[in-house]
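Spelled out, the chains give:
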Amino acid sequence: MMIDPDRRERLKQNWERVEDEVLRAAEGCGRSGSSVKTIGVSKYVDAETTLALVQAGCHDLGESRPQSLWKKAESLAFDTEIRWHLIGHLQRNKVRRLLHHRPVIHSIDSQRLLLAVAEESASQDLQTSVLLEVNISGDEAKTGFRPQALAEVLISPPEGIRVIGLMAMAGWGTDRDDARRQFEKTRELRDQLQQQGDCLLPELSMGMSGDFREAIAAGATMVRIGSRLFEGVIDRS
Ligand SMILES: *Cc1c(COP(=O)(O)O)cnc(C)c1O
């Protein structure tokens, strides 16, 4: 499958526009542009289109399914500039194969999964960077740690992993004000955890196509942008 020149050009424009908007959102609240990394969520497209996104300048790619991540990572393995991010649910039986691609894992949503990743990392002689996913909206259907459970997890993180921060998603159907409040709660939680646990949690992965500005205003350091990048590039009807 080839991506035609028009779509390739549109993808490049979309990427540049998103990068520019992220930069302006950061600067608009007194932060530097380099304090926010844009992760291009490539889960909507094939490997060919994903490669075109990389060629447009996006080197951090997010996938929500571990199988899709490793398939794409295998077919794009010649590009050593790519940094993979797993942003969706991970089952323990997929950890080994996933870790071959050295991803940052944003979606650690239970103590059992954290331990499984730590164990496999240690056996592959790796230090895996992970974020703990927090269920900030209080929505029962959502995955993630309850805020109260996090302090305990951080007391003695197992070997093989480095907990670099928190990941949060606004609940379904929340408006922008609600989203902003949830992101602010996440940052406050992070600040508290750092103080209590005497640890560093520099990364906050929050914000998607529809709410990245609110997330950046609340302190996001990683925004996960998918659909905005592929407008006019793929047919999503
Ligand atoms: C799909 C997905 C995104 C990207 O969402 P868009 O609205 O398409 O930008 C971000 N984060 C997670 C966890 C996702 O599953």
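Please refer to the structure placed before this passage.
Residues numbered from 1 in each chain as written. Predicted model: local features only at pLDDT ≥ 70, side-chain atom pairs only at ≥ 80, totals over all residues. Heavy atoms only, no water.

## Side note on unusual backbone geometry
Counted only if it meets this: Here a strand is any run of E in DSSP of at least two residues, a helix any run of H or I of at least four, and the numbering for each starts at the N terminus. Think of it in three bands: residues with accessible area under 20% of the maximum for their type are buried, residues over 50% are exposed, and the middle band is partly exposed, with areas taken using a 1.4 Å probe on protein chains only.
Within the chain, Arg 102 stands out as a residue other than glycine whose phi angle is a positive 50°. Assignment of secondary structure puts Arg 102 in the loop between α4 (95-99) and β4 (104-108). Taking the relative accessible area as the measure of exposure, Arg 102 reaches 43% and is therefore partly exposed. Despite not being glycine, Asp 198 has its phi angle at roughly 50°, a positive value. With respect to the element layout, Asp 198 can be found in the loop between α7 (176-197) and β7 (203-205).

## A word on empty space enclosed by the protein
Where empty space is left in the structure can be found by rolling a water-sized probe over the atoms. What counts is decided by this rule: Within this scheme a cavity is a closed region of a 1 Å grid, computed over the protein atoms alone, that accommodates a 1.4 Å probe without allowing it to escape, whereas a pocket is open but has protein on both sides within 12 Å along at least five of seven lines; lining residues each have an atom within 4 Å of a point. Grid points are joined across faces, edges and corners, and a volume is the space filled by probe spheres set on the points. Put simply, Ala, Val, Leu, Ile, Met, Phe, Trp, Tyr, Cys and Pro go in the nonpolar bin, Asp, Glu, Lys and Arg in the charged bin, and everything else, Gly too, in the polar bin.
Applying the stated criterion to the full structure yields one cavity of 30 Å³ or more. The space that makes up the largest cavity amounts to roughly 40 Å³. As for the largest cavity, its lining consists of Glu 133, Val 134, Asn 135, Ile 136, Ser 137, Lys 142, Thr 143 and Met 169. Its residues placed into classes, the lining of the largest cavity shows three nonpolar, three polar and two charged.

## Topic: the pattern of salt bridges
Oppositely charged side chains are able to pair whenever their charged atoms sit close together. Stated formally: Any carboxyl oxygen of Asp or Glu within 4 Å of a side-chain nitrogen of Lys or Arg constitutes a salt bridge here.
All told, the structure shown has 13 salt bridges when counted by the stated rule. Across the pair Glu 16 and Lys 12 runs a salt bridge, and its minimum N-O distance is 3.1 Å. Here Lys 12 and Glu 16 lie together in helix α1 (residues 5-28), a separation of four residues that amounts to about one turn. Classification of Glu 16 by relative accessible area gives partly exposed; the value is 40%. Ionic pairing is found between Asp 20 and Arg 24, a salt bridge with its closest N-O pair at 3.1 Å. A residue pair is termed a helical-turn pair when its members lie 3 or 4 positions apart in one helix, as Asp 20 and Arg 24 do in helix α1 at four residues. For Asp 20, a relative accessible area of 34% translates into the label partly exposed. You can call Arg 24 exposed: its relative accessible area is 52%. Members of the salt-bridge network, linked through shared partners, are Glu 21, Arg 213, Arg 228 and Glu 231.

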